[in-house]
Amino acid sequence: MNTRIEEIDGKYIATLVGEMDTAAATEAEAVLKPLYTSNGKDVVIECQDLEYIASSGLRILLSILKGAKACGSKVVMRHVNDDIKNVFRLTGFINIFEFE
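Computed from a predicted structure; not experimentally measured. (Residues numbered from 1 in each chain as written. Predicted model: local features only at pLDDT ≥ 70, side-chain atom pairs only at ≥ 80, totals over all residues. Heavy atoms only, no water.)

1. Examining the pairing of strand β2 (residues 11-20)
Here is step 1: Across the ten residues of β2, seven count as buried, placing the element largely inside the fold.
Here is step 2: Relative to β2, strand β1 (residues 2-8) runs antiparallel, the two sharing seven bridges. Within the sheet, the bridge partner assigned to Glu6 lies in β2 and is Ile13.
Here is step 3: Counted along the chain from β1 to the antiparallel partner β2, the turn is two residues long, and its residue Asp9 has a positive phi close to 50°. (Buried < 20%, exposed > 50% of the residue type's maximum accessible area, 1.4 Å probe, protein only. Helix = DSSP H or I, 4+ residues; strand = E, 2+ residues; numbered from the N terminus. Pairing = 2+ DSSP bridges.)

Now the structure itself:
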């Protein structure tokens, strides 16, 4: 799992690459934790190269969403493949996240 955050055009862009299984989620959370308080900046989660996400990964994304909303920001999931989107459907997260 490879995770990075960049600030581009006043937004945080978090890129997720690989499989966010339970073991990788711990490392990913350490990288993504600054997004829990997005300081009023919108957050884009780039998922083009995300191959798998476990429930621990969903929990991290939900924490980012809660923090962003508390700061008046939004979170957009970008380039989510059908398999990952199906996980969001099955968990009901499809209704609380915005997708591009």
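2. What about the nonpolar core?
Across soluble globular proteins, you tend to see nonpolar side chains buried next to one another.
Here is step 1: In terms of nonpolar packing, the biggest core is built from 27 residues, with Leu32, Ile45 and Ile64 touching the most fellow members.
Here is step 2: Contributing elements (two or more residues each) for this core: β2, α1 (22-32), β3 (43-53), α2 (55-70), β4 (75-78) and α3 (82-91).
Here is step 3: Per-element accounting of this core gives the leading share, six residues, to α2.
Here is step 4: Apart from residues no more than four positions distant in its own chain, Ile45 is found in contact with Ala14, Leu16, Leu61, Ile64, Val75, Val76, Met77 and Arg78. (Core = buried A, V, L, I, M, F, W, Y, C linked by side-chain atoms within 4.5 Å. Contact = heavy atoms within 4.5 Å.)

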